[in-house]
Amino acid sequence: MSRQRIAIIGAGPSGIAALRAFESAQRAGAKIPEIVAYEKQDDWGGQWNYNWRSGIDKYGEPVHSSMYRNLWSNGPKEALEFAEYTFDEHFGRPISSYPPREALWDYIDGRVRKSNVKEKVQFSTAVRWVDYDRDQDTFTVTVENLRSNKTTTSEFDRVIVATGHFSYPNVPDFKGIETFPGTLHHAHDFRGAEKLADKRVLLIGASYSAEDIGVQAFKMGARSVTMSYRTGPMGYDWPEGMEELPLVDHFEGETVRFTNGETREFDAVILCTGYLHKYPFLSSDLALHSRNNIYPSGLYRGVVWQKNPKVYYLGAQDQWFTFNMFDAQAWYVRDLIMGRAGLPSAEQRAAHMKSWRNRFQELDGDADDVRFQADYIRDLIDATDYPMFDLDEVVRIFLAWKSDKQKNILTYRDKPYRSVLTGTMAAEHHTTWLNELDDSLERYLSTPEKSVLNGAMDGPEPVAEAAPTS
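Since the model is a prediction, treat every value here as computed from it, not as a measurement.

1. Overview of the overall build of the protein
Thought 1: Per the secondary structure count, the protein includes nine helices and 18 strands.
Thought 2: For 470 residues, the compact-globule estimate of 2.2 N^0.38 gives 23 Å, and the C-alpha radius of gyration of the protein, at 23 Å, lies within 12% of that figure.
Thought 3: If one aligns the C-alpha atoms of the protein with their principal axes, the spans along those axes are about 65 × 55 × 50 Å.
Thought 4: Each of the 470 residues in the protein was classed as buried or not, and the buried ones make up 55%.
Thought 5: Long-range contacts, defined here as pairs at least 24 residues apart, represent 66% of the contacts in the protein between residues at least 6 apart.
Thought 6: For the protein, the accessible area works out to roughly 19,900 Å², and carbon and sulfur atoms hold 47% of it.

2. Here's the deal with the environment of Lys195
Thought 1: Within the fold, Lys195 resides in the loop between strand S8 (183–186) and strand S9 (200–204).
Thought 2: By relative accessible area, which is 49% here, Lys195 ends up partly exposed.
Thought 3: Put simply, Lys195 and Ile294 are 99 residues apart on the chain and 34 Å apart in space, counted from C-alpha to C-alpha.

3. Let's talk about the packing of helix H1 (residues 13–27) against helix H5 (residues 323–337)
Thought 1: For the pair H1 and H5, interaxial distance at closest approach is 8 Å and the crossing angle is 50°. With respect to each other, H1 and H5 are oriented oblique. The chirality of how H1 crosses H5 is right-handed. Contact residues: Pro13, Ser14, Ala17, Ala18, Arg20, Ala21, Phe22, Ser24 and Ala25 in H1; Phe323, Phe326, Asp327, Ala330, Trp331, Arg334 and Ile337 in H5.

4. Overview of the sheet that holds strand S10 (residues 224–229)
Thought 1: As summarised here, the arrangement of the five strands in space is S8-S15-S9-S10-S11, forming an open sheet in which the pairing is parallel. At either margin of the open sheet sits one strand with a lone partner, and together these are S8 and strand S11 (242–246). Here the strands of the sheet are splayed against their neighbours by 20° on average, with no regard to which way each runs.
Thought 2: As paired elements, S8 and strand S15 (residues 268–271) share four bridges and run parallel to each other. Across the sheet, the residue bridging to Thr183 is Ala268, located in S15.

5. Structural notes on unusual backbone geometry
With the exception of glycine, most residues fall at negative phi, and the peptide bonds are largely trans.
Thought 1: Phi is positive for Asn149, close to 65°, though the residue is something other than glycine.
Thought 2: Among the structural elements, Asn149 can be located in the loop between strand S5 (138–145) and strand S6 (150–156).
Thought 3: Take Asn149: its relative accessible area is 57%, and that puts it in the exposed class.

6. Quick notes on the layout of surface pockets
One way to see where empty space is left: roll a probe the size of a water molecule over the atoms.
Thought 1: Of the volumes computed, that of the second largest pocket is approximately 220 Å³.
Thought 2: What lines the second largest pocket is a set of 14 residues, among which Gln41, Asp42, Asn49, Asn51 and Asp57 lie closest to the centre.
Thought 3: The class makeup of the residues in the lining of the second largest pocket is three nonpolar, five polar and six charged.

7. Details of the nonpolar core
Thought 1: The biggest cluster of nonpolar side chains holds 107 residues, and the ones touching the most others in it are Trp44, Ile160, Leu203 and Phe321.
Thought 2: Here the element with the most residues in this core is H5; it accounts for 10 residues.
Thought 3: Grouped together as the second largest cluster of nonpolar side chains are 24 residues, Ala7, Leu282, Val311 and Tyr313 included.

8. Section: the sheet that holds S5
Thought 1: A sheet is described by the order of its strands in space; here three strands give the open sequence S4-S5-S6, paired in antiparallel fashion. The open sheet has two edge strands with one neighbour each: strand S4 (125–133) and S6. Within the sheet, the average angular offset between the axes of one strand and its neighbour, ignoring direction, is 20°.
Thought 2: Of the pairings in the sheet, the one linking S5 to S6 comprises seven bridges and is antiparallel in character. Considered in S6, the bridge of Phe139 is made with Phe156.

9. Some points on the side chain of Asp369
Thought 1: When you line up the elements, Asp369 lands in helix H7 (residues 366–382).
Thought 2: Buried charge without a partner: Asp369 forms no salt bridge, and the closest opposite charge is Lys402, 8.7 Å away.

10. Things to note about the environment of Val333
Thought 1: Tracing the sequence through the fold places Val333 in helix H5.
Thought 2: Sequence separation between Val333 and Ser355 is 22 residues; the distance between their C-alpha atoms is 21 Å.
Thought 3: Those residues within four positions of Val333 in sequence are excluded, and the remaining contacts are Ile160, Val303, Tyr312 and Leu314.

11. Some words on the pairing of S11
Thought 1: Counting buried positions along S11 gives four out of five residues, so the element sits mostly inside the fold.
Thought 2: Pairing of S10 with S11 involves five bridges; the strand directions are parallel. Bridge pairing links Thr226 to Glu243 in S11.

12. Section: the packing of aromatic side chains
Thought 1: Going through the model one piece at a time under the given rule, you end up with 32 aromatic pairs.
Thought 2: Each residue in the set Trp48, Phe82, Tyr85, Phe87, Phe91, Tyr107 and Phe323 is aromatic and connected to the rest through ring pairs, giving one cluster.
Thought 3: Stacked on the ring of Tyr50, the Lys or Arg Arg101 has its end atom at 4.3 Å from the ring centre.

13. Here we look at the pattern of salt bridges
Thought 1: Tallying each qualifying case throughout the model produces 34 salt bridges.
Thought 2: The partner of Glu61 in a salt bridge is Arg128, with the nearest N and O atoms 2.7 Å apart. Residue Glu61 is found in the loop between strand S2 (34–38) and helix H2 (87–91), and its partner Arg128 is found in strand S4; the two are separated by 67 residues along the sequence.
Thought 3: Since its relative accessible area comes to 11%, Glu61 is described here as buried.
Thought 4: The shortest N-O distance in the salt bridge between Asp366 and Lys402 comes to 2.7 Å. On the criterion of sequence distance, the pair formed by Asp366 in helix H7 and Lys402 in helix H8 (residues 391–407) is long-range, its members being 36 residues apart.
Thought 5: Overlapping salt bridges bring together Arg20, Glu23, Glu84, Arg111 and Asp327 as one network.

How each quantity is defined
Residues numbered from 1 in each chain as written. Predicted model: local features only at pLDDT ≥ 70, side-chain atom pairs only at ≥ 80, totals over all residues. Heavy atoms only, no water. Helix = DSSP H or I, 4+ residues; strand = E, 2+ residues; numbered from the N terminus. Rg over C-alpha atoms; globule rule 2.2 N^0.38 Å. Buried < 20%, exposed > 50% of the residue type's maximum accessible area, 1.4 Å probe, protein only. Contact = heavy atoms within 4.5 Å. Areas by Shrake-Rupley, 256 points an atom, 1.4 Å probe, with all protein chains shown as cover. Axes fitted to C-alpha atoms, helices over the stretch in contact; angles between N-to-C directions. Parallel < 35°, antiparallel > 145°, perpendicular 65-115°, else oblique. Left-handed = near helix turned anticlockwise from the far one by under 90°. Pairing = 2+ DSSP bridges. 1 Å grid on protein atoms, 1.4 Å probe; cavity = no way out; pocket = protein on both sides within 12 Å on 5 of 7 lines; lining within 4 Å. Points joined across faces, edges and corners; volume = space filled by probe spheres on them. Nonpolar A, V, L, I, M, F, W, Y, C, P; charged D, E, K, R; others polar. Core = buried A, V, L, I, M, F, W, Y, C linked by side-chain atoms within 4.5 Å. Lys, Arg positive; Asp, Glu negative; His and termini not counted. Salt bridge = Lys/Arg side-chain N within 4 Å of Asp/Glu carboxyl O. Phe/Tyr/Trp six-rings, centres within 6.5 Å; stacked < 30°, edge-to-face > 60°. Lys NZ or Arg CZ within 6 Å of the ring centre and 35° of its normal.

Structure follows, in C-alpha cells:
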C-alpha cells in the first residue's frame, strides 16, 4: 500500500496533540503517514495565540482567537497537565496552579519546541473547502496561502478537524439593542478589562465567559458589574458592586429592563452568549451540527464522524478536561489511522454511541459531568499507549475547585493544588490574583524581593529568573 496522507485542519492545542501523537509513534520506531497541517494564523496555539486584533485579521479573515490580554487560567493547571510532559519538566520548578495565558502558551509550545513537527504545519493558510470523492475514497483539500494569495489543492486519505468550536460567536438579538449608545460586543472580541474602569458593565450570559470577564472588570475598577442569566444564576457570593439579574427583556438607550421588571443603566455591554459549531470548509454531510455539550451526537468515541469514519474531530466537546483530553483523543485517532486499533462496524459504532448518549442524557449537575468526562477519557486511554494518570484525583480537584469558587470567587486562583503526575505541590504566586496587574511571563516567573500576598506588591522591581526550560 502507498503511504497514507493525513490532513490536520488547525494547529491549536488539538492539532498540536495530533502532531505530537504521530511524532510519539515515530520516535518509538513506527512508520507514520505523511502529515500536513494547515493553520490560518501565523503561529500555532489556537485560542492561546493572543492577538490584539478582533473581528477581521490582517489578511481579511475572521479572527480565530477569543483570547484576551489579562486572562489567567480559570481552572487548576493540575487538571489539564499533559501526562507525558509535566509542568515540572517544562518550568524546572513549581509554579502556581493558575498561570496566566503567556505561561500556558509557553507550556503548550514547549512540549514540541525541540521536535520537527512544526515543519509539518503550513501557517497563514486557510482551508477553503474539503471535498470527498466516494468513488476514489479520497479527500481533496483546497487551501489559500494568505500571504501569497495562492490557492492550491491536495489529495488526502483522511482528515482530522482540529479547529475547535469557540471562534464563531453566537449573537442573539434583544429588542431595542440597536438604541444602546455605549460599547457593545461579543466576548469573542473582548481584549482587555482596563477600558471598563469606572464603567457600568452588563454581561449577558451565565457561564465561564461572563464569570471571568465579570471578575476581570471588577478587578480593573468597573463601577458596577451586572450579569444577566437565562436559566439560572451562577450563584456565587459576589462582592459589593457585582450582581446577577434575570434575562434582559429590552433596551431603551442606555437603560436596560430585565424580565423581573428591574432596570439598570449601562455604559458597556458584552454578550457572553457562547459559540457555534461552524465549519465553513465542510459540506453538511461532513460537518458536525451540535449544541455545545460533553457528548455531541454523531461522533463515535467522541472523535470519529459516523457518516464518514475517515473524518475525525478533536476537541469538539464542551470541556472540563482540556489539553490531556485532546491528547487522549489524538492518540486514539492516530491508532485508528495507523491500524493499531480496529474500527467497529457502523452498527456497532451506533450502538456504542447510543449507550454513551443515554448515560449523557441522565447526567444531573457538574459532578456527574466531570465524572462522565473522566470515564470518557479513561476509555480512550485504555485503547492506546498514552500514559494513564489518576483521573479520579483530577475529578476531586475539579470538585474542590468548584467549592473554592463558591467560597470566594475573587480568591480561588490563589489556592495551590498537587500534581497528579509528579506529586509536586504548586507554588503560591508572589502576589494575589486580585492585586496582580501584570500577567506577563517575565513577571509571573520573577521573584520580587518583597511582596505582600494579601495586598499590593511593594518593594524593588522584580528580578526575572532564568527562562523556562523546554
